[in-house]
Amino acid sequence: MLRKYLYKNMVEAGCDEAGRGCLAGPVTAAAVILPGNFRNPVLDDSKKLSEKERQLLRDLIIEKAVAWKVAFIDNREIDEMNILRASIKAMHIAIDGLEKTPEFLLIDGNRFFPYRSIKHETIIRGDGKFMSIAAASVLAKTFRDEYMEKLHIDFPQYGWDKNKGYPTAFHKAAIIKYGISPYHRRSFSLCDSQLKMKFGV
């Protein structure tokens, strides 16, 4: 089971993002404060969980959390500021939206810009170490996946219902064949030279 906290006597919020490496769609971040008595043996890094497990955990986290918030930064803003800054901005917005102000922030990864006067700790693979970060990971991924599935209705050619905007071979081939959509990140390398040669462009 993951650790409940870094500092026992502080109100900690876990923060994580989803969609950083995608070619299309927003980057999504979540911040979660869990109650001290929260327990769940299934909760883990969202990438290690099945879709069904993530959905069940999402409902449980929303029900049991002291506070939670999800924030999106769209592809246009990602192109303007770069993906690192966009990811951290999304985290800041999520933290700012919490109904309870945390005393300490647990951040997944190794980069973060200080949020106001609240101290923080960056933790590499933190979503597999701390429950609050794992909970944020689950919310960020499930809310973003849901958003990409809605976009898929209008842009089915890219397979976003399955790849969620990540750079799969199918997605890259669709970009070559159909061009880019309004939701693609123009600052990213959207297709590689091998695919271009295969499609003769």
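By convention here, each chain's residues receive numbers from 1 onward along its written sequence. The model is predicted, so local features are restricted to residues of pLDDT at least 70 and side-chain atom pairs to those at 80 or more, both for listing and for counting; the totals for chains, interfaces and linings are taken over all residues. As a convention, hydrogens and water are excluded, and side-chain values are obtained from all of the structure's heavy atoms.

Visitor: What is the right way to read the overall build of the protein from this model?
Guide: Think of it this way: any DSSP run of H or I at least four residues long counts as a helix, any run of E at least two long counts as a strand, and we number them from the N terminus. When helices and strands are tallied, the protein shows seven helices and five strands. Listing every helix and strand of the protein by position from the N terminus yields β-β-α-β-α-α-β-β-α-α-α-α. Based on C-alpha atoms, the radius of gyration is set beside the globule rule, defined as 2.2 Å times the residue count to the power 0.38. Taken against the 2.2 N^0.38 rule, which gives 17 Å for 201 residues, the C-alpha radius of gyration of the protein at 18 Å falls within 12% of a compact globule. Principal axes of the C-alpha set define a box for the protein whose edges measure 60 × 35 × 25 Å. A simple rule labels every residue: compare its accessible area, found with a 1.4 Å probe on the protein chains alone, to the largest value its type can have, and call it buried under 20%, exposed over 50%, or partly exposed in between. Counting only residues that meet the buried cut, the protein has 50% of its 201 residues in that class. Counted over contacts in the protein with a minimum sequence separation of 6, partners at least 24 positions apart contribute 64%. Total accessible area computed for the protein in this model is approximately 10,500 Å², and 50% of it derives from carbon and sulfur atoms. Residue contacts are counted whenever heavy atoms from the two residues lie within 4.5 Å of one another. Each accessible area value is a Shrake-Rupley result obtained with a 1.4 Å probe; residue values ignore everything except the protein chains displayed when judging cover.

Visitor: Hey, could you run me through the pairing of strand β2 (residues 27-33) in this one?
Guide: Residues in a regular strand project their side chains so that they alternate between the two faces of the sheet. Taken across its seven residues, β2 has seven buried, putting it largely inside the fold. Neither face of β2 is left uncovered, since the one carrying Val27, Ala29, Ala31 and Ile33 and the one carrying Thr28, Ala30 and Val32 both have all their residues buried. Note on pairing: two strands pair once DSSP finds at least 2 bridges between them. Pairing between strand β1 (residues 12-18) and β2: five bridges, direction antiparallel. When the sheet's bridge partners are listed, Asp16 is paired in β2 with Ala30.

Visitor: How do you make sense of the sheet that holds β1 when you look at a structure like this?
Guide: Strand pairing in a sheet relies on backbone hydrogen bonds, with the paired strands running either antiparallel or parallel. With mixed pairing, the five strands of this open sheet are ordered in space as β3-β2-β1-β4-β5. Two strands close off the open sheet at either side, each with one partner strand: β3 (67-73) and β5 (119-123). Going across the sheet, the axis of each strand differs from the next one's by a mean of 20 degrees, ignoring polarity. Pairing geometry for β1 and strand β4 (residues 104-108), over four bridges, is parallel. Think of each axis as a best-fit line through the C-alpha atoms, taken over the contacting stretch in the case of a helix, with angles from 0 to 180 degrees between the N-to-C directions.

Visitor: I'm lost on the side chain of Arg185 in this one. Help?
Guide: Topologically, Arg185 is positioned in the loop between α6 (169-178) and α7 (193-199). For the buried Arg185, which has no salt bridge, the nearest side chain bearing the opposite charge is Asp79, at an N-O separation of 6.5 Å. Among the polar contacts listed, one links the side chain of Arg185 to the backbone oxygen of Gly25, at a separation of 3.0 Å. Positive: Lys, Arg. Negative: Asp, Glu. His and the chain ends are not part of the count. Salt bridges are defined by distance alone: a side-chain nitrogen of Lys or Arg within 4 Å of a carboxyl oxygen of Asp or Glu. Here a polar contact is recorded for every N or O atom pair within 3.5 Å, except that within protein the pair must consist of a potential hydrogen donor and a potential acceptor, and residues adjacent in sequence are included only if both atoms are side-chain atoms.

Visitor: Just checking my understanding: could you explain the side chain of His152 for this structure?
Guide: Among the structural elements, His152 can be located in helix α4 (residues 131-154). Contact partners of His152, with chain neighbours within four places excluded, come to Gly159, Trp160 and Asp161.

Visitor: Whenever I open this one, the confidence of the model for the protein confuses me. Can you help?
Guide: Atomic detail in the predicted coordinates should be set aside for any region of low pLDDT. Confidence of the predictor at the level of single residues is captured by pLDDT, which takes values from 0 to 100. Looking at the protein, pLDDT values average 94 and 95% of them are 70 or higher. The low-confidence segment residues 193-201, where pLDDT is below 50, has ten contacts with residues more than four positions distant or belonging to other chains.

Visitor: How do you make sense of the environment of Thr28 when you look at a structure like this?
Guide: Position of Thr28 among the secondary structure elements: in strand β2. Along the primary structure Thr28 and Ser87 are separated by 59 residues, whereas in three dimensions their C-alpha atoms are 7.3 Å apart. If near-sequence neighbours (up to four positions away) are discounted, Thr28 is found in contact with Asp16, Glu17, Ala18, Val70, Ala71, Phe72, Ala140 and Arg144.

Visitor: What is the right way to read unusual backbone geometry from this model?
Guide: Residues other than glycine predominantly adopt negative phi, and peptide bonds predominantly adopt the trans conformation. The residue Asn82 is not glycine, and still its phi comes out positive at about 85 degrees. Judged by relative accessible area, which is 39%, Asn82 ranks as partly exposed.

Visitor: Help me out: how do you make sense of the packing of aromatic side chains in this one?
Guide: Both the distance between ring centres and the angle between the ring planes are used here to describe each pair of aromatic rings. Each pair of aromatic rings taken from Phe, Tyr and Trp, with Trp reduced to its six-membered ring, is defined by centres within 6.5 Å and is described as stacked if the planes are under 30 degrees apart, edge-to-face if over 60, and tilted in the remaining cases. Summed over all chains, the structure comprises six aromatic pairs. A centroid spacing of 5.9 Å and a plane angle of 45 degrees characterise the contact between Phe155 and Trp160, whose relative ring orientation is tilted. There is no split in this pair, since Phe155 and Trp160 are both buried. When the ring of Phe155 is compared with that of Tyr183, the centres are 5.7 Å apart and the planes differ by 75 degrees; the resulting orientation is edge-to-face. One end of the pair, Phe155, is in the loop between α4 and α5 (160-163); the other, Tyr183, is in the loop between α6 and α7, with 28 residues separating them in the sequence. In this structure Phe155 comes out as buried when scored by relative accessible area, which is 18%.

Visitor: Whenever I open this one, the nonpolar core confuses me. Can you help?
Guide: Across soluble globular proteins, nonpolar side chains show a tendency to be buried alongside one another. In this text, buried Ala, Val, Leu, Ile, Met, Phe, Trp, Tyr and Cys residues form a nonpolar core when linked through side-chain atoms within 4.5 Å. Core analysis: the largest hydrophobic core is formed by 24 residues, its most contacted members being Ile95, Leu105 and Phe112. When contributions to this core are tallied by element, the ones reaching two or more residues are β1, β2, β3, α3 (83-96) and β4. By residue number, the principal contributor to this core is α3, which donates eight residues. Contact partners of Phe112, with chain neighbours within four places excluded, come to Ile88, Met91, His92, Ile95, Leu105, Ile107, His120 and Thr122. Grouped together as the second largest cluster of nonpolar side chains are 20 residues, Val70, Ala135, Val138 and Phe143 included.

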